[in-house]
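Chain residues, written in single-letter form:
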Amino acid sequence: MNWGSDRKNGIMVSRICTEAVFFLVLLFVSRVFAGGVDGRLVTGTGSVENGVVQAYRSVDFSQKPVAVSSPTGPDGKYSLEVGPGTWYLASEAGQLWSYCGQNPVTVSEDDRPWIGFILERWPAPVYTEAEGNSYDGALSGTVLIDGAPGDKVNVTLYFDDSDGFRGMGFLRAPPTGPDGRFRLDMVPEGRYYLIARKRGSGQGVGPMLKGDLIAYYRHNPVQVTAGKVVEVALPLTPKRQDRDINAAPGLSGQPGFGGTVTDGKGRPVSGVHVFAYLEPEMGHHKPAGLSSLTDIQGRYTITLPGPGKYYVGARDGYGDNPAPGELFGHYQGTPDHSLLLKAGQNLESVDIVVEGVLVP
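Described below are features of the structure shown in this document.

Cut-off values and rules
- Residues numbered from 1 in each chain as written.
- Predicted model: local features only at pLDDT ≥ 70, side-chain atom pairs only at ≥ 80, totals over all residues.
- Heavy atoms only, no water.
- Helix = DSSP H or I, 4+ residues; strand = E, 2+ residues; numbered from the N terminus.
- Buried < 20%, exposed > 50% of the residue type's maximum accessible area, 1.4 Å probe, protein only.
- Pairing = 2+ DSSP bridges.
- Phe/Tyr/Trp six-rings, centres within 6.5 Å; stacked < 30°, edge-to-face > 60°.
- Contact = heavy atoms within 4.5 Å.
- Polar contact = N/O pair within 3.5 Å; in protein donor to acceptor, adjacent residues only side chain to side chain.
- Core = buried A, V, L, I, M, F, W, Y, C linked by side-chain atoms within 4.5 Å.

Peptide bonds are, in most cases, trans, and in most cases residues other than glycine have a negative phi. Residue Pro221 follows Asn220 across a cis peptide bond; omega there is -10°. You can see Pro221 is positioned in the loop between strand 17 (213–216) and strand 18 (222–224). For His337, which is not glycine, the phi torsion reads 65° and is therefore positive. Residue Ser349 is not a glycine yet carries a positive backbone phi of 60°. For Ser349, the position within the fold is in the loop between strand 27 (346–347) and strand 28 (352–353). Residue classification places Ser349 among the exposed positions, given a relative accessible area of 58%.

Structure (structure tokens):
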């Protein structure tokens, strides 16, 4: 028996097995973590060097990013390696920053989207004393297009990103004039998301198309403080693709529901919101979900942040108790006006009847 030969063959077989296992591990890891985004960072004057792109699990950019690209070179090009999933992207380079107008971005193993960013300089918010109102706050500012005041821009304040910034939001300022100024008064103290849009069609609502202008405020969620006026600046950038930040579907696994709002005679009611609260005392807390305005047929849809029990109602006002004459109603499908939703569950025919609140 040739023990030397057998030992040599055994070592070779062991090495081959080890290399095969190592190759399979690499293949598995590459499949699990495959996916990413490529693109370029620019300003109005050229490419951005030493900039990065960051991927987040939500639109709360105060959290630690899941992945960060390597710094860009002189050509401004970047490659962000991030696993398959749905991500919110932003880019920064020193004092320059940009929100991705395609958020949330879906990354798969078989597709690497190309996404460009136009970076702008974003001043920090400035707080001053309000006159005559110590209970609420106010928010004002200037919308900028290529550094100049932006005319006919719609500025909207949202409670949160639970519905992908769809619909009318919590408060909406009148369209800006030639000076680019806007103001929102009597804003309850809290943290809000500020979005500005200018559609080429001139409409205040509808899908955002390529070339339309949008701004997601760099310092979202912005803090509104009682007795203070928050002054901000919102530089707008053009959309590169026909996809709307406020028309994005809910993230995978998010529950929701929809239905019709009618009056006491069964007629559809347009122009009201449906609210979903985590507490039975509706109107005294921040809602967990808010629908867009019901359409001419009274229809609505609402996306919620996660599974759970929600208390449902509809009204055409916000905050506090409904005022006399205001349209208001609860979901009557359960005694406590609640719905219990599982992850990814979407219910239909959650119908609500609203009537005018009687004068006390």
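So much for the structure itself; the text now carries on.
Looking now at the pairing of strand 24 (residues 308–315). Of all the eight residues making up strand 24, six are buried; the element is thus mostly covered by neighbouring parts of the structure. Examined bridge by bridge, strand 21 (residues 273–277) and strand 24 share five bridges and lie antiparallel to one another. Its bridge partner lying in strand 24, Val274 is registered against Ala314. Here strand 24 pairs with strand 26 (residues 338–341) via four bridges, running antiparallel. By the bridge assignment for strand 26, Tyr311 is matched with Ser338.

As a further point, take the packing of aromatic side chains. One pass over the structure, following the stated rule, counts 14 aromatic pairs. Measuring from centroid to centroid gives 6.1 Å for Phe257 and Tyr300, while their planes differ by 80°, and the two rings are edge-to-face. One end of the pair, Phe257, is in strand 20 (residues 256–262); the other, Tyr300, is in strand 23 (residues 299–303), with 43 residues separating them in the sequence. Of the two residues examined, Phe257 and Tyr300, each falls in the buried class. Cluster of aromatic residues (ring-pair linked, three or more members): Tyr56, Phe61, Trp97, Tyr99, Trp122, Tyr216 and Tyr217.

What follows is about the environment of Leu234. Note that Leu234 resides in strand 19 (residues 228–238). Residues Leu234 and Ile145, 89 residues apart in the sequence, show an inter-C-alpha distance of 8.7 Å. When near neighbours in sequence (up to four residues on either side) are disregarded, Leu234 contacts Trp122, Thr142, Val143, Leu144, Val155, Phe182, Leu194, Ala196, Ala215 and Tyr217.

This brings us to the environment of Asp295. Here Asp295 is to be found in the loop between strand 22 (289–290) and strand 23. The contact partners of Asp295, leaving out residues within four places of it in the chain, are Val269 and Ser270. Looking at Asp295, its side chain comes within polar contact range of the main-chain nitrogen of Gln297, at 2.9 Å. Within the structure, Asp295 has its side chain in polar contact with the backbone nitrogen of Arg299 (distance 2.9 Å).

Another aspect to go through is the nonpolar core. Ranked by internal contacts, the top residues of the largest apolar core, which has 41 residues, are Phe61, Leu139, Phe182, Leu194, Tyr216 and Leu234. By residue number, the principal contributor to this core is strand 16 (residues 190–198), which donates five residues. In contact with Leu194, other than residues within four places in its own chain, are Leu139, Val155, Thr156, Leu157, Phe182, Ala215, Tyr216, Tyr217, Asn220, Val232 and Leu234.

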